[in-house]
Amino acid sequence: MTKAERLDDLRPKVLACRACGLRDAATQVVFGEGSPNARLVFIGEGPGADEDRLGRPFVGRAGQLLDRMIAAMGMTRFDDVYILNVVKCRPPGNRTPTPEEWTTCRPHLEQQLDILDPAIIVLLGSTALKALIDPTLRITQMRGQWIERGGRWWMPTYHPAALLRNPSLKRETWEDLKRVLDKYRELVNPRHESPHYPIISH
Ligand code: URA
């Protein structure tokens, strides 16, 4: 089976999940989206109001900023990357998901990563870092540093919602994304071009 077929197979199982309480208050499960053949995956926290309404990840203000970040990397949401969340259902009032909720949702994410088999994963914000690497870690200390684990390279950086609240974090975030582009050129495509980080610049 192709990756697209395997994701299509998994989707109805995830959409039917009621393993934690979040689905009760949510409109729908947000599976994630992107290119099934992406070698680069972004992982956020969980759906907000817009995502809950549309059933798609990162489509609100933070999502529009994420799309601009992806564009600055010379990529697009549906051609080059896949976008996932730590929990697939909107926490009421956009509160942070609890460790119990993200642990309960974890098998879905694991199966998605198994299928996608990305070389590089960008962890967007504190919740993704804590849920996927270690709950004691802090995003301010870990951002910009590669974590090599399970045959993949993980880069924690700030969540786009944090950049909307505090635009001065954008500069550091772009430094982190340039590290991701370096790794992408090393592992995936040495000729990958980015409008803001040309190959000749380093
Ligand atoms: N914030 C997230 O972490 N995920 C989304 O899908 C949208 C906003």
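Keep in mind that what you see is a predicted model, and the values were worked out from it rather than measured.

Caption draft 1: Quick peek at the overall build of the chain. Assigned secondary structure in the chain consists of nine helices and six strands. For 202 residues, the compact-globule estimate of 2.2 N^0.38 gives 17 Å, and the chain sits close to it at 16 Å. The C-alpha extent of the chain, read off along each of the three principal axes, is 50 × 40 × 30 Å. Put simply, the chain has 202 residues, and 51% of those count as buried. Long-range contacts, defined as pairs at least 24 residues apart, comprise 68% of the intrachain contacts of the chain with a sequence gap of at least 6. Accessible area for the chain stands at about 9500 Å²; split by element, carbon and sulfur atoms hold 49% of it. With 29 positive and 25 negative side-chain charges, the chain shows a spacing of 3 Å between the two charge centroids.

Caption draft 2: Seen up close, the sheet that holds strand β3 (residues 81–85). In space, the six strands of this open sheet follow the order β1-β3-β2-β4-β6-β5, with mixed pairing throughout. Looking at which strands have only one partner, the edges of the open sheet turn out to be β1 (33–34) and β5 (147–149). Summarising the sheet, strand β4 (residues 120–124) and strand β6 (residues 152–157) pair through five bridges and their orientation is parallel. Directly across from L123, in β6, lies its bridge partner P156. Of the strands in this sheet, β2 (40–44), β3, β4 and β6 are in contact with helix α5 (residues 99–116), which crosses β3 at around 170 degrees. Of the strands in this sheet, β2, β4 and β6 are in contact with helix α9 (residues 170–187), which crosses β6 at around 165 degrees.

Caption draft 3: View of the side chain of T173. As for its position among the elements, T173 is in helix α9. Judged by relative accessible area, which is 1%, T173 ranks as buried. Discounting residues that sit within four places of it in the chain, T173 has contacts with M69, T157, Y158 and L163.

Caption draft 4: Region of the structure containing unusual backbone geometry. Located in the positive-phi region is F58, a residue other than glycine, with phi close to 50 degrees. Along the chain, the position of F58 falls in the loop between α3 (49–54) and α4 (61–72). Owing to a relative accessible area of 5%, F58 belongs among the buried residues under this scheme. For N94, which is not glycine, the phi torsion reads 60 degrees and is therefore positive.

Caption draft 5: Empty space enclosed by the protein, seen in detail. Going through the model one piece at a time under the given rule, you end up with one cavity of 30 Å³ or more. What the largest cavity holds in volume is close to 100 Å³. Taken together, 14 residues line the largest cavity, and the ones lying closest to its centre are C17, A19, C20, C89 and C105. Within the residue set of the lining of the largest cavity, elements represented by two or more residues are α2 (22–25) and α5. When residues of the lining of the largest cavity are assigned to their parent elements, the largest contribution, three residues, is made by α5.

Caption draft 6: Quick peek at the layout of surface pockets. The volume enclosed by the largest pocket comes to roughly 540 Å³. As for the largest pocket, its lining consists of 25 residues, of which E45, G46, A62, H159 and A161 are closest to the centre. Among the elements of the structure, α3, α4, α6 (126–132) and α8 (160–165) are those that each provide at least two residues to the lining of the largest pocket. A per-class count over the lining of the largest pocket returns 10 nonpolar, nine polar and six charged. For the second largest pocket, the calculated volume is near 150 Å³. Along the walls of the second largest pocket sit L65, R68, M69, A72, L163, K170, T173, W174, L177 and H196, which together make up its complete lining.

Cut-offs applied
- Residues numbered from 1 in each chain as written.
- Predicted model: local features only at pLDDT ≥ 70, side-chain atom pairs only at ≥ 80, totals over all residues.
- Heavy atoms only, no water.
- Helix = DSSP H or I, 4+ residues; strand = E, 2+ residues; numbered from the N terminus.
- Rg over C-alpha atoms; globule rule 2.2 N^0.38 Å.
- Buried < 20%, exposed > 50% of the residue type's maximum accessible area, 1.4 Å probe, protein only.
- Contact = heavy atoms within 4.5 Å.
- Areas by Shrake-Rupley, 256 points an atom, 1.4 Å probe, with all protein chains shown as cover.
- Lys, Arg positive; Asp, Glu negative; His and termini not counted.
- Charge placed at Lys NZ, Arg CZ, Asp CG, Glu CD.
- Pairing = 2+ DSSP bridges.
- Axes fitted to C-alpha atoms, helices over the stretch in contact; angles between N-to-C directions.
- 1 Å grid on protein atoms, 1.4 Å probe; cavity = no way out; pocket = protein on both sides within 12 Å on 5 of 7 lines; lining within 4 Å.
- Points joined across faces, edges and corners; volume = space filled by probe spheres on them.
- Nonpolar A, V, L, I, M, F, W, Y, C, P; charged D, E, K, R; others polar.

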